[in-house]
Amino acid sequence: MQVQEPSIKIEATVAGKFLRKLFQILFYIQLFLVSILVIILTIRGLIYAGNTNRFHPKEWYPPLLVSTASAGIVSFIWQWISFHNPSKAIKAAFWVFPLLTCAAGILHVLIGSPVSLAAGTISVVCGIIQSLYACWATPRFDYATKIFTVSTSFPPRKTATFVAASIIICVFYSSFLVTGIGGATATGTGLDILFIIIILLTFTWSMQVIKNMLYATISRVRYMNFACGLDMNTQIAFHDAVKYLVGSVCIGSALVPVLGTIRGSARAINLVAGGTDEFLFSCANCYSGVASTLITYGNRWGFVHVGVYNKGFVQASADTWEMFNRAGLISLIDSDLTGVFCFFSGVAVGSICTLIGGTWALIVHKSYATEVSIYAFLIGYFMCRTALAWEQACVSAYYVAYAENPESLRFDATIPVRLQELHRDQVYQTMRSYRSSS
């Protein structure tokens, strides 16, 4: 059965409507203003390059533009591989991809500039941390494969078309902004550095919005299938998303990366602090409490209710988190590897783009290698996250639909069995701690 009409829309408060409209207007205004800025910078940069020998467009642009195109191709191929063989994809993301991060770090070290050495050190350390995390997370690979398979087994119609269209938009948008960054690099004044920072900030927000528009669209379609057994038209869902959801998605795209980083850092600090030092443990506990409160009002699962019910993002996040609490899924959500898999994949594609663009720049013009490598990494990272958004949306829709009705016959035993395993592990850890203290 196919659904053509939009699902129920919940009326927002006046303040909520105003905030959504405000963010929507701000998003479109910044797109317009940055587009004008990029055009001006590009023209000025080309004129300046023609009059001096300081900037060489033929040596600066090709490595970045080829890296951008490579990011689109690799991202589309990787989402195809992860869909058709999630087990091998997850193992590769956790065991092989850290090597790419280290390889990108080594390239930065070879470039040799102060900024590049710092980036190289960070990359190598991150690669080591990724490998250590993979060792710790290995017992969860089987469940990650199962939840990935069951939630993406029947993708919405024309998913590949929407993913390909999103990637193509990202490629052209990234290439357009790269021309502006190159124009600002040509003159390299203090004001130009500010322009580059502004372009990178708007690039980050815009790529998040593109990703989350696809996320909200696909999660709505899959939610309707999981919750009601209905096959909704993906084009209708996308049309509704463009017409009604841009404001909420813009708010979520600004909040989720920040709050997600705070939440992730709090969990890492808690893990490191342990219970060895009372002061450190109390500080970590306090920070973790703040992070847990913040994540309630801004998390990626909120995009499901944004897509399905047209709620404001903060309200949607709070409602989904309350449902997870009520259904006893918080520990399961915290241990889910889907988000980490997408993050590691993004870092890997970013590293591949760094190796392509950075190596090219290192050969033709070493002084360009540092900035080209960094820009290529950012483009590759966000491109991959956009390509994988539909798969992450399917998993989120599955969790949210299950939390609303755990007794539904449309769900198999994947989540209940995993909850039982987590409960046994918690009991074992509690008994072990009790024996150690006594």
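Described in the following lines is the structure provided in the data block.

What counts, and at which threshold
Residues numbered from 1 in each chain as written. Predicted model: local features only at pLDDT ≥ 70, side-chain atom pairs only at ≥ 80, totals over all residues. Heavy atoms only, no water. Helix = DSSP H or I, 4+ residues; strand = E, 2+ residues; numbered from the N terminus. Buried < 20%, exposed > 50% of the residue type's maximum accessible area, 1.4 Å probe, protein only. Contact = heavy atoms within 4.5 Å. Areas by Shrake-Rupley, 256 points an atom, 1.4 Å probe, with all protein chains shown as cover. Lys, Arg positive; Asp, Glu negative; His and termini not counted. Charge placed at Lys NZ, Arg CZ, Asp CG, Glu CD. Phe/Tyr/Trp six-rings, centres within 6.5 Å; stacked < 30°, edge-to-face > 60°. Lys NZ or Arg CZ within 6 Å of the ring centre and 35° of its normal. Expected span 1.5 Å × (residues − 1). Axes fitted to C-alpha atoms, helices over the stretch in contact; angles between N-to-C directions. Parallel < 35°, antiparallel > 145°, perpendicular 65-115°, else oblique. Left-handed = near helix turned anticlockwise from the far one by under 90°. Nonpolar A, V, L, I, M, F, W, Y, C, P; charged D, E, K, R; others polar. Patch = residues over 30% accessible without salt bridge, like charges linked within 9 Å, V, L, I, M, F, W, Y side chains within 5 Å. Salt bridge = Lys/Arg side-chain N within 4 Å of Asp/Glu carboxyl O.

Re the overall build of the protein
Phase 1: A count of helical and extended segments in the protein gives 18 helices and two strands.
Phase 2: C-alpha atoms of the protein, sized along the principal axes, occupy 70 × 60 × 40 Å.
Phase 3: Relative to its 438 residues, the protein shows a buried fraction of 49%.
Phase 4: Sequence separation of at least 24 residues holds for 81% of the intrachain contacts in the protein that already meet a minimum separation of 6.
Phase 5: For the protein, the computed accessible surface area is about 20,300 Å², with 70% contributed by carbon and sulfur atoms.
Phase 6: Counting 29 positive and 20 negative side-chain charges, the protein places the averaged centre of each group 4 Å from the other.

What to know about the packing of aromatic side chains
Phase 1: The final tally for this structure, using the stated rule, is 32 aromatic pairs.
Phase 2: Between Phe55 and Tyr368, the aromatic rings sit 6.0 Å apart at their centres with planes inclined by 55 degrees, giving tilted as the arrangement. Of this pair, Phe55 sits in the loop between α1 (14–51) and α2 (57–84) while Tyr368 sits in the loop between α15 (338–364) and α16 (369–387), placing them 313 residues apart in sequence. In this structure, Phe55 and Tyr368 share a single accessibility class: buried.
Phase 3: Ring centres 5.1 Å apart and planes at 45 degrees place the aromatic pair Phe94 and Phe141 in the tilted group. One end of the pair, Phe94, is in helix α3 (residues 86–95); the other, Phe141, is in helix α6 (residues 141–152), and 47 residues separate them in sequence.
Phase 4: Taking the relative accessible area as the measure of exposure, Phe141 reaches 6% and is therefore buried.
Phase 5: By the ring-pair criterion, three or more aromatic residues cluster together here, those being Phe94, Tyr133, Trp136, Phe141, Phe203, Phe343, Phe344, Phe377, Tyr381 and Phe382.
Phase 6: A cation over an aromatic ring shows up here: Arg140 above the ring of Trp136, its NZ or CZ 4.7 Å from the ring centre.

Looking at α16
Phase 1: Taking 1.5 Å of rise per residue, 19 residues should cover 27 Å, and α16 covers 27 Å from first to last C-alpha, within 8% of that figure.
Phase 2: Most of α16 sits out of view: 15 of its 19 residues are buried.

Describing the packing of α15 against α16
Phase 1: Where α15 contacts α16, the axes come no closer than 7 Å and their chain directions differ by 150 degrees. In terms of their interaxial angle, α15 and α16 are classed as roughly antiparallel. With respect to the hand of their crossing, α15 and α16 are arranged in right-handed fashion.
Phase 2: Within the contact of α15 with α16, the residues separate by chemical class into 13 nonpolar, nine polar and one charged.

Focus on helix α12 (residues 302–309)
Phase 1: Along α12, seven of the eight residues are buried, which leaves the element largely enclosed by surrounding structure.
Phase 2: Considered for burial, the residues of α12 that qualify are Gly302, Phe303, Val304, His305, Val306, Gly307 and Val308.
Phase 3: At the C-terminal side of α12, Asn310 shows a positive phi close to 55 degrees.

A few points about a nonpolar patch on the surface
Phase 1: Together, Ile25, Ile29, Phe32, Leu33, Ile36 and Ile40 make up an exposed nonpolar region whose accessible area comes to about 560 Å².
Phase 2: Secondary-structure assignment places Phe32 in helix α1.
Phase 3: A relative accessible area of 55% places Phe32 in the exposed class.

Without other data, these values stay purely geometric and don't point to any function.
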